[in-house]
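Next come the chains, spelled out residue by residue.
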Amino acid sequence: MESTNNLEKFQTIIDADTKIEPKDWMPEDYRKHLIRQISQHAHSEVIGMQPEGNWITRAPSLRAKLILLAKIQDEAGHGLYLYSACETLGISREELIDQLHTGKAKYSSIFNYAAITWADIGAIGWLVDGAAIVNQISLQRTSYGPYSRAMIRICKEESFHQRQGYEIMGKLALGTPEQKEMAQDALNRWWWPSLMMFGPHDSDSPHSGKAMTWRIKRESNDVLRQRFIDKTVQQAEVIGLKIPDDKLKWNEAKGVYEHGEINWEEFNQVINGNGPLNKIRLANHISAHENGAWVREAANAYAAKQKKEVLVA
Amino acid sequence: MSTKDSQGQLWEVFIQANPGIPHKHAGSVHATDKEMALQNARDLYTRRSEGTSIWVVPSAAIVASAPEDSGMLFDPSNDKPYRHPTFYVMPEGAKNI
Ligand SMILES: [Fe+2]
Ligand SMILES: [Fe+2]
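Residues numbered from 1 in each chain as written. Chains lettered and ligands numbered in written order. Predicted model: local features only at pLDDT ≥ 70, side-chain atom pairs only at ≥ 80, totals over all residues. Heavy atoms only, no water.

Caption draft 1: Representation of the sheet that holds strand β3 (residues 53-58) of chain B. Residue and element names in this part refer to chain B. Within the open sheet, the three strands sit side by side as β2-β1-β3. Their pairing is antiparallel. Either end of the sheet is taken by a strand with one partner, and the two such strands are β2 (24-31) and β3. Across the sheet, the mean angle separating the axes of adjacent strands is 30° when strand polarity is ignored. Where strand β1 (residues 9-16) lies against β2, seven bridges are found, and the strand directions are antiparallel. If you follow F14 over to β2, its bridge partner there is H25. Taken strand by strand, helix α1 (residues 34-45) contacts β1, β2 and β3, and its axis lies near 125° from that of β2. (Pairing = 2+ DSSP bridges. Helix = DSSP H or I, 4+ residues; strand = E, 2+ residues; numbered from the N terminus. Axes fitted to C-alpha atoms, helices over the stretch in contact; angles between N-to-C directions. Contact = heavy atoms within 4.5 Å.)

Caption draft 2: Structural view of unusual backbone geometry. Residues and elements named next belong to chain A. In this structure, D17 is a non-glycine residue whose phi angle is positive, near 65°. Tracing the chain through its elements places D17 in the loop between α1 (4-15) and α2 (28-47). The phi dihedral of R215 falls on the positive side, at around 55°, and the residue is not glycine. With respect to the helices and strands, R215 occurs in the loop between α9 (208-213) and α10 (221-238).

Caption draft 3: A look at the packing of aromatic side chains. Residues and elements named next belong to chain A. Enumeration according to the criterion identifies 14 aromatic pairs over all chains in this entry. Taking the centre distance of 5.7 Å and the plane angle of 45° together, the rings of F198 and F228 count as tilted. You can see F198 sitting in the loop between α8 (177-196) and α9 and its partner F228 sitting in helix α10, a full 30 residues away along the chain. The two residues F198 and F228 agree in class, both being buried. Put simply, the rings of F10, W25, Y30 and W214 pair up and form one aromatic cluster. Directly above the ring of W55 sits R58, whose terminal nitrogen or CZ lies 3.9 Å from the centroid. (Phe/Tyr/Trp six-rings, centres within 6.5 Å; stacked < 30°, edge-to-face > 60°. Buried < 20%, exposed > 50% of the residue type's maximum accessible area, 1.4 Å probe, protein only. Lys NZ or Arg CZ within 6 Å of the ring centre and 35° of its normal.)

Caption draft 4: Structural detail: the interface of chain A and chain B. At the junction of the two partners, chain A supplies 25 residues and chain B supplies 23 residues. Of the roughly 2,100 Å² buried between chain A and chain B on both sides combined, carbon and sulfur atoms contribute 46%. Of all residues in chain A, K23, E94 and R153 of chain A give up the largest surface area on contact with chain B, accounting jointly for 25% of the area buried on that side. At the junction of chain A with chain B, the criterion picks out four salt bridges. Remark: the boundary between chain A and chain B carries eight residue pairs in polar contact (both at pLDDT 80 or more). Elements represented by at least two residues in the side of chain A that touches chain B include exactly α4 (62-87), α5 (93-102), α7 (145-173) and α13 (293-312) of chain A. (Buried area = accessible area lost by both parts, 1.4 Å probe. Salt bridge = Lys/Arg side-chain N within 4 Å of Asp/Glu carboxyl O. Polar contact = N/O pair within 3.5 Å; in protein donor to acceptor, adjacent residues only side chain to side chain.)

Caption draft 5: A look at the coordination of the iron ion (ligand 1). Residues and elements named next belong to chain A. The protein atoms that coordinate the iron ion (ligand 1) are E45 (OE), E75 (OE), H78 (ND1) and E158 (OE), at distances of 2.1 to 2.5 Å. Around the iron ion (ligand 1) sit four donor atoms; with metal-centred angles ranging over 82 to 155°, the donor geometry is irregular. The metal-metal distance between the iron ion (ligand 1) and the iron ion (ligand 2) is 3.3 Å, with E75 serving as a donor to both. Of this pair, E75 and H78 both sit in helix α4, separated by three residues, roughly a single helical turn. Classification of E75 by relative accessible area gives buried; the value is 5%. Residue H78 is classed as buried on the basis of its relative accessible area of 0%. (Donors = N, O, S within 2.8 Å, 3.2 Å for Na, K, Ca; no water. Tetrahedral: all angles 85-135°; square planar, octahedral: opposite > 155°, others 65-115°.)

Caption draft 6: Quick look at the coordination of the iron ion (ligand 2). The protein atoms that coordinate the iron ion (ligand 2) are E75 of chain A (OE), D129 of chain A (OD), E158 of chain A (OE), E158 of chain A (OE) and H161 of chain A (ND1), at distances of 2.0 to 2.8 Å. For the iron ion (ligand 2), the donor residues sit on a single chain with the sequence spacing E-x53-D-x28-E-x2-H.

Caption draft 7: View of the environment of L241 of chain A. Along the chain, L241 of chain A turns up in the loop between α10 and β1 (249-251). On a C-alpha basis, the gap between L241 of chain A and A183 of chain A in space is 7.9 Å, while along the polypeptide they are 58 residues apart.

Caption draft 8: Broad picture of the layout of surface pockets. All names here are of chain A. Within this model, the second largest pocket holds a volume of roughly 1,300 Å³. Q37, Q40, H41, S108 and M197 are the residues nearest the centre of the second largest pocket, which is lined by 47 residues in total. Examining the composition of the lining of the second largest pocket, we find that 10 residues originate from one element, α2, more than from any other. Split into classes, the residues belonging to the lining of the second largest pocket amount to 19 nonpolar, 17 polar and 11 charged. (1 Å grid on protein atoms, 1.4 Å probe; cavity = no way out; pocket = protein on both sides within 12 Å on 5 of 7 lines; lining within 4 Å. Points joined across faces, edges and corners; volume = space filled by probe spheres on them. Nonpolar A, V, L, I, M, F, W, Y, C, P; charged D, E, K, R; others polar.)

Caption draft 9: Geometry of the nonpolar core. Judged by nonpolar contacts, the single largest core of 49 residues is most densely connected at W118, L127, M169, W190, W191 and F228 of chain A. For this core, the secondary structure elements donating two or more residues are α4, α6 (118-139), α7, α8, α10 and α11 (264-274) of chain A. A per-element tally of this core places α6 of chain A first, with 10 residues. Leaving out residues up to four positions away in the same chain, W190 of chain A has contacts with I110, Y113, A114, A115, D120, A123, I124, L127 and V128 of chain A. With 37 residues, the next largest nonpolar core counts Y147 of chain A together with A26, A31 and A41 of chain B among its residues. (Core = buried A, V, L, I, M, F, W, Y, C linked by side-chain atoms within 4.5 Å.)

Caption draft 10: Layout of the environment of R83 of chain B. All names here are of chain B. Among the structural elements, R83 can be located in the segment after α2 (70-73). On the basis of relative accessible area, R83 is assigned to the exposed category, the value being 54%. Between the C-alpha atoms of R83 and S59, which are 24 residues apart in sequence, the distance is 34 Å. A distance of 3.5 Å separates a polar atom in the side chain of R83 from a polar atom in the side chain of S77.

Caption draft 11: Quick peek at the pattern of salt bridges. Residue and element names in this part refer to chain A. On inspection of all chains with the given rule, the structure shows 22 salt bridges over all chains. Here E167 and R63 are joined by a salt bridge, their closest N and O atoms 2.9 Å apart. One end of the pair, E167, is in helix α7; the other, R63, is in helix α4, with 104 residues separating them in the sequence. For K71, the salt bridge identified is with D129, shortest N-O distance 2.9 Å. With K71 in helix α4 and D129 in helix α6, the pair connects residues that are 58 residues apart, well separated along the chain. Considered together, K71 and D129 belong to a single accessibility category, that of buried residues. Salt bridges sharing common partners tie together E52, K71, E75 and D129.

This is the structure:
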């Protein structure tokens, strides 16, 4: 029961920065918010394998192929860590997958864009993983224990992701004029969607209120976005690429970069299913899941047979 | 939690990071049998030499204390100071004790 007493005690634990664990009492809205956020995060890791998986067979060298495979395998792992964390809140893996397939649960809309050139693989690692890292570092301090532990594990694995992407971009930028152009084109296409990854401005963010009070989120969308911009502009300069924002300028007094307006109309379009690849991404996941049904059946049958043998022996 | 799930049962994974130290909880995996659980745990939690040994335990087999009992179970026993070495008065000059 959500007595004021329970709520007060809960908030005291949160305010003391003690983690909430699965069996602890928690408000229903806290549980719901976490399930929504963690499952969305897990689905993003898994769907995020698709744009990169698209390049495994076409990676330009064996080195690049090995790196890409390792990175994608990490992303699968991130999805699994997060599904497990989410399951501690009393929802099953099957339900989570079901919610993805029916569209009840979302995933980050960045993965609805296509990776059309090799430079896109660089841009994804550098910018998309880069933005994810800023968010995930902040979430290491989230109030829910299993989510926090998953974030700490994920952050340890992420820095290679960003560096391998930046390395690809740097190499292309120093290559032939065509290669440099390819890198610049990828930056042009991925920059704004990467900024959108942090979500709406604080002034119109629908889920943020309680998430901050309950310390599920520790910093606001705009604060995290600004941190990402401030880090990334310098990195672009070093490799001689130009951030596609005419309004981008250093604000000496504030010590931050000012940036141009984000196209929220595009953001809403992609979130609502009208991005370039929404339908294909989901269809791929559904067919992989359905085509794997016989594997799950076989594994269950094998487990049942083993149990019988134990009983007989 | 006994929600319907076609994804295999849940196993808790414990990893020993280096020889000689205790196994520590790393997370969980789904698997339909113990070999699969061990293999999945290997693939998921030790891709970067995180461990030298893995235990997997069916989550359902773990008996855990309830949060509401923690006051009683983990009372600091401040009324039993004689459980700590500082309770005892040592004679002046005694060494190595
Ligand atoms: Fe990831
Ligand atoms: Fe990543």
